[in-house]
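Structural overview for review
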Amino acid sequence: MRKAGLITGGALVAAGEAIHAGMTTKELDTVVRKYITSHGAKPSFLGYGGFPGSACISINDVVIHGIPGPQVIKDGDIVSVDVGAYIGGFHGDSCKTFAVGEVSEEAKALMKSTEESLYLAISMVKPGVRLGDLGAAIQKYNEDNGYGVVREFVGHGVGRDLHEDPEVPNFGKAGHGVRLQAGMVIAIEPMITEGSPKVKVMGDGWTTKTADGKLSAHFEHTIAVTETGCMILTKPD
Ligand code: MG
Ligand code: MG
């Protein structure tokens, strides 16, 4: 799974190097697809449930599942790029929100809180910790900063399938939920909003936006639980 994770993480590095104002989300998707296929893997998302892209590219108030297309990325946008790579029978899954050019202080703070809450949860992962412990920590961190935690979409197990049990919510009660064991692999992925946590799915059946039109950020890593802690499988080299 580290092999799949490395290619996934590398695709996000490539996306980060390529992203600029004036390019279309389709062009950014092509960068991701070429990186994954040139490393001998398959884009996990392409064709998944009929999804037409290799990456989900979600700008500003789009929380997740943005479809790559003719939309032009602008200076000041925050752009979430969610990527998966499949190789050797296993998937990696990772997402990062990029700031394009000069973004607002509000956008920077939202991105920072979201990313920090991901690493806070990762720092807690070891055998015996429960999924409610992780969810509660992510929820508290972001709500203390004044942000919303999306409820309708959550993290998940990942392995031979892109989405496996258990669900890994970004909210919950400490001391509750599935107990982690060495050998489990989960995708932790806080989806955090500047305002209300409510989201709406657009008519295309994919694009998911904040209901109030405010910004959203999304960071994700695929994490293997080890005997002593964890390993970030989608961390780039
Ligand atoms: Mg993902
Ligand atoms: Mg995921």
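Coordinates for the structure precede this section.
The shown structure was predicted, so the numbers you read here are calculated from the model rather than taken from an experiment. (Residues numbered from 1 in each chain as written. Chains lettered and ligands numbered in written order. Predicted model: local features only at pLDDT ≥ 70, side-chain atom pairs only at ≥ 80, totals over all residues. Heavy atoms only, no water.)

**Quick word on the coordination of the magnesium ion (ligand 2)**
What counts is decided by this rule: Coordination partners: N, O, S within 2.8 Å of the metal, 3.2 Å for Na, K and Ca; water not considered, so apparent gaps in a site are possible. A run of DSSP states H or I qualifies as a helix once it reaches four residues; a run of E qualifies as a strand once it reaches two. Both are numbered from the N-terminal end. Burial status follows relative accessibility: with a 1.4 Å probe on protein chains alone, a residue under 20% of its type maximum counts as buried, one over 50% as exposed, and anything between as partly exposed.
Protein-derived coordination of the magnesium ion (ligand 2) comes from D93 (OD), H156 (NE2), E189 (OE) and E220 (OE), at a distance range of 2.1 to 2.2 Å. Motif for the magnesium ion (ligand 2), donor spacing along one chain: D-x62-H-x32-E-x30-E. A separation of 3.2 Å is found between the magnesium ion (ligand 2) and the magnesium ion (ligand 1), which share D93 as a coordinating residue. Highlighted residues: E189 in the loop between β9 (185-188) and β10 (191-193) and E220 in the loop between β13 (216-218) and β14 (221-225), separated in sequence by 31 residues. For the pair shown, E189 and E220 are each scored as buried.

**Here's the deal with the pattern of salt bridges**
Our working definition: When a carboxyl oxygen of Asp or Glu is within 4 Å of a side-chain nitrogen of Lys or Arg, the pair counts as a salt bridge.
All told, the structure shown has six salt bridges when counted by the stated rule. A salt bridge links D237 to R2, with the shortest nitrogen-to-oxygen separation between them at 4.0 Å. Separated by 235 residues along the polypeptide, D237 in the segment after β15 (230-232) and R2 in helix α1 (residues 2-18) bring together distant segments of the chain. Overall, D237 belongs to the exposed group, its relative accessible area being 85%. Of the charged contacts, one joins K140 and D144 as a salt bridge, the two residues approaching to 2.5 Å between their closest N and O atoms. Of this pair, K140 and D144 both sit in helix α4 (residues 131-144), four residues apart, which is roughly one turn of that helix.

**Comments concerning the sheet that holds β9**
Definition in use: Pairing between strands is defined by DSSP: at least two bridges between the two strands are required. Interaxial angle, 0 to 180 degrees, is taken between N-to-C directions of lines fitted to C-alpha atoms, where a helix line uses only the stretch in contact. Contact definition: two residues touch when any of their heavy atoms are within 4.5 Å.
In spatial order, the strands read β8-β7-β9-β14-β15; together these five strands make up an open sheet with antiparallel pairing. The sheet is open, and its two edges are formed by β8 (164-168) and β15, each paired on a single side. Adjacent strand axes in the sheet meet at a mean angle of 25°, parallel and antiparallel pairs treated alike. With four bridges connecting them, β9 and β14 associate as antiparallel partners. In the strand pairing of β14, V185 is matched with A224. Along the sheet, α4 makes contact with β8 and β9, crossing β9 at roughly 15°.

**Observations concerning the packing of aromatic side chains**
Quick reminder of the rule: Between rings of Phe, Tyr and Trp, where Trp is taken as its six-membered ring, a pair exists when centres lie within 6.5 Å; planes separated by under 30 degrees are stacked, by over 60 edge-to-face, and by other angles tilted. By definition here, charges over rings are those cases where NZ of Lys or CZ of Arg is within 6 Å of the ring centre and within 35 degrees of the ring normal.
This structure, assessed with the given rule, holds one aromatic pair. Across the ring face of F171, the terminal group of R151 is positioned such that the distance to the ring centre comes to 4.9 Å.

**Quick look at the nonpolar core**
A general feature of soluble globular proteins is that nonpolar side chains tend to end up buried together. Applied cut-off: By convention a nonpolar core is built from buried Ala, Val, Leu, Ile, Met, Phe, Trp, Tyr and Cys residues, the set being connected through side-chain atoms within 4.5 Å.
Core analysis: the largest hydrophobic core is formed by 26 residues, its most contacted members being L134, L180, I186 and I188. If one sorts the elements of this core by residue count, helix α3 (residues 105-124) sits on top with six residues. The next biggest cluster of nonpolar side chains, apart from the first, holds 22 residues, and it includes I7, I73, V81 and F98.

**Concerning the side chain of Q139**
What counts here: Distance and chemistry together define a polar contact, namely a pair of N or O atoms within 3.5 Å, with one atom able to donate a hydrogen and the other to accept it when in protein, and with adjacent residues in sequence counting only for side-chain atoms on both sides.
Its place among the elements puts Q139 in helix α4. Only 3.1 Å separates the side chain of Q139 from the backbone nitrogen of G172, close enough to count as a polar contact. Residues in contact with Q139, not counting those within four places in the same chain, are V149, R151, N170, F171 and G172.

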